[in-house]
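Examining the three-dimensional arrangement
Below, each chain spelled out in residue letters.
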Amino acid sequence: MATIRPRRSVLYMPGSKERALEKGKELQTDAIIFDLEDAVAPDMKDMARQQVQAAISAGGYGNRELVIRVNGIDTPWFEEDLKAAANANPDAILVPKVSSGSEVEDVRQKLIALGAKPEVDLWAMMETPLAMLQAKDIAAAGPAESHRLRAFVMGTNDLAKETGAVITPGRLPMLSWLSTCVAAGRAYGIDIIDGVYNDFKNEDGFKKECEEGRDLGMDGKTLIHPAQLAPSNEVFSPSSEAVDWARKIIAAFEQPENQGKGAITVDGKMVELLHAEMAKRTVAKADAIESL
Ligand code: COA
Ligand code: MG
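All of the points below concern the structure found in this document. In this text, all values refer to a predicted model and were calculated from it rather than measured experimentally.

This next bit is on the environment of Val-98. Inspection of the secondary structure puts Val-98 in the loop between β4 (92–95) and α4 (101–114). Taking the C-alpha atoms as reference points, Val-98 and Thr-282, 184 residues apart in sequence, are found 31 Å from one another. Beyond its immediate sequence surroundings of up to four residues, Val-98 is in contact with Glu-103, Val-104, Ala-124, Met-125, Thr-128, Ala-131 and Ile-138.

Take the nonpolar core next. Grouped together as the largest cluster of nonpolar side chains are 60 residues, with contacts concentrated most on Phe-34, Met-126 and Phe-152. Considering each element in turn, this core owes the most residues, five residues, to helix α3 (residues 78–88). Non-local contacts of Met-126, meaning those with residues more than four positions away in its chain, are made with Ala-131, Met-132, Ala-135, Ile-138, Phe-152, Val-153, Met-154, Gly-155, Leu-159 and Cys-181. Among the nonpolar cores identified, the runner-up in size contains 13 residues, and Val-10, Tyr-12, Ile-33 and Ala-151 belong to it.

Turning our attention to the environment of His-275. Checked against the element boundaries, His-275 lands in helix α12 (residues 273–290). Given a relative accessible area of 27%, His-275 falls into the partly exposed group. Sequence separation between His-275 and Ile-249 is 26 residues, and the spatial gap between their C-alpha atoms is 7.6 Å. Residues within four places of His-275 in sequence aside, it is in contact with Ile-249 and Met-270.

As a further point, take the coordination of the magnesium ion (ligand 2). Octahedral six-donor coordination of a metal ideally yields angles of 90 or 180 degrees, compared with 109.5 degrees for tetrahedral four-donor coordination. Donor atoms from the polypeptide that coordinate the magnesium ion (ligand 2) comprise Asp-38 (OD) and Asp-158 (OD), at 1.9 to 2.0 Å from the metal. Here Asp-38 is found in the loop between β2 (31–35) and α2 (45–58), whereas its partner Asp-158 is found in helix α7 (residues 156–163), with 120 residues between them in sequence. You can call Asp-158 buried: its relative accessible area is 10%.

Turning our attention to the pattern of salt bridges. Here the structure, examined in full by the defined rule, presents 27 salt bridges. Its salt-bridge partner being Arg-5, residue Glu-65 comes within 3.9 Å of it at the nearest N-O pair. Taken together, the residues Glu-65 in strand β3 (residues 65–69) and Arg-5 in the segment before β1 (9–14) connect sequence positions 60 residues apart. On the basis of relative accessible area, Glu-65 is assigned to the buried category, the value being 1%. Counted as one network, the salt bridges with shared partners bring together Arg-5, Arg-7, Glu-65, Arg-186, Asp-191 and Asp-219.

Reading guide: rules and limits
- Residues numbered from 1 in each chain as written.
- Chains lettered and ligands numbered in written order.
- Predicted model: local features only at pLDDT ≥ 70, side-chain atom pairs only at ≥ 80, totals over all residues.
- Heavy atoms only, no water.
- Helix = DSSP H or I, 4+ residues; strand = E, 2+ residues; numbered from the N terminus.
- Contact = heavy atoms within 4.5 Å.
- Core = buried A, V, L, I, M, F, W, Y, C linked by side-chain atoms within 4.5 Å.
- Buried < 20%, exposed > 50% of the residue type's maximum accessible area, 1.4 Å probe, protein only.
- Donors = N, O, S within 2.8 Å, 3.2 Å for Na, K, Ca; no water.
- Salt bridge = Lys/Arg side-chain N within 4 Å of Asp/Glu carboxyl O.

What follows is the structure, encoded as structure tokens:
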């Protein structure tokens, strides 16, 4: 089984906010997105770019996954952002407003030309109407020798802006797009990270939306405030009951009398080999979280 990198909590930090960049070093977040795009005003773009490159090069973020969100491909900042990101050598570069697989490939070729290390991954914001229609095409551009596409980040605010769909509790107006991206991502081994919850003081609403994303099959959630970290980490971690149950299924299939069987009974429930595979994944995820 491929090693699992937990991405339960993915915190945006405006690249222009020095205080936030410093604070990120002590927060319990699986990943940090150093943002150069939406969270940074146009006249702060150069400053933010320099500050982010310096912060990542200086290090001090432990084993948190470090991601730089550059400005969009068709903006005046993109080339400089990409150059700075290649120099900073983060774990990944998040490209906003991706709408086709060829855009992923273009960015990959640019990174190769810039001499970026091949291990620097790509992440894609899924936030345009075309991306919803071409999610498979984007995901199919994921596997590659270098700059692999590793994660989709749902850009629900931009989706609402571009489509007119409203973000309601339960997100019915967006549900088909969220699920389409989960299916596309899973088909090509790409993680899916849910969009942000803007009303960051509403703890109940936030937790419900975390659970919703988890139940849709997502790996974690993008966050805007440190107060959202603990609930997101909790919801996207396998519960201790789930881990116990998984271990029980694995142990049951290992019993000599169950060798060669496709379906058995555990605690009165039918369990198939596919459940044993799921159980192994649950345990591997719990182990990966434990070792953070
Ligand atoms: N990352 C790291 N630290 C953060 C943070 C973040 N995203 N958001 C807040 N903090 C820190 C603050 O610096 C402050 O730290 P301090 O008390 O040690 O100085 C502490 O958390 C409490 O912050 P608070 O006063 O409650 O929030 P605020 O009013 O300063 O800011 C927001 C509220 C929403 C503007 C801010 O959280 C933010 O900028 N979030 C990210 C927005 C973003 O990146 N959007 C783009 C993607 S959608
Ligand atoms: Mg956006």
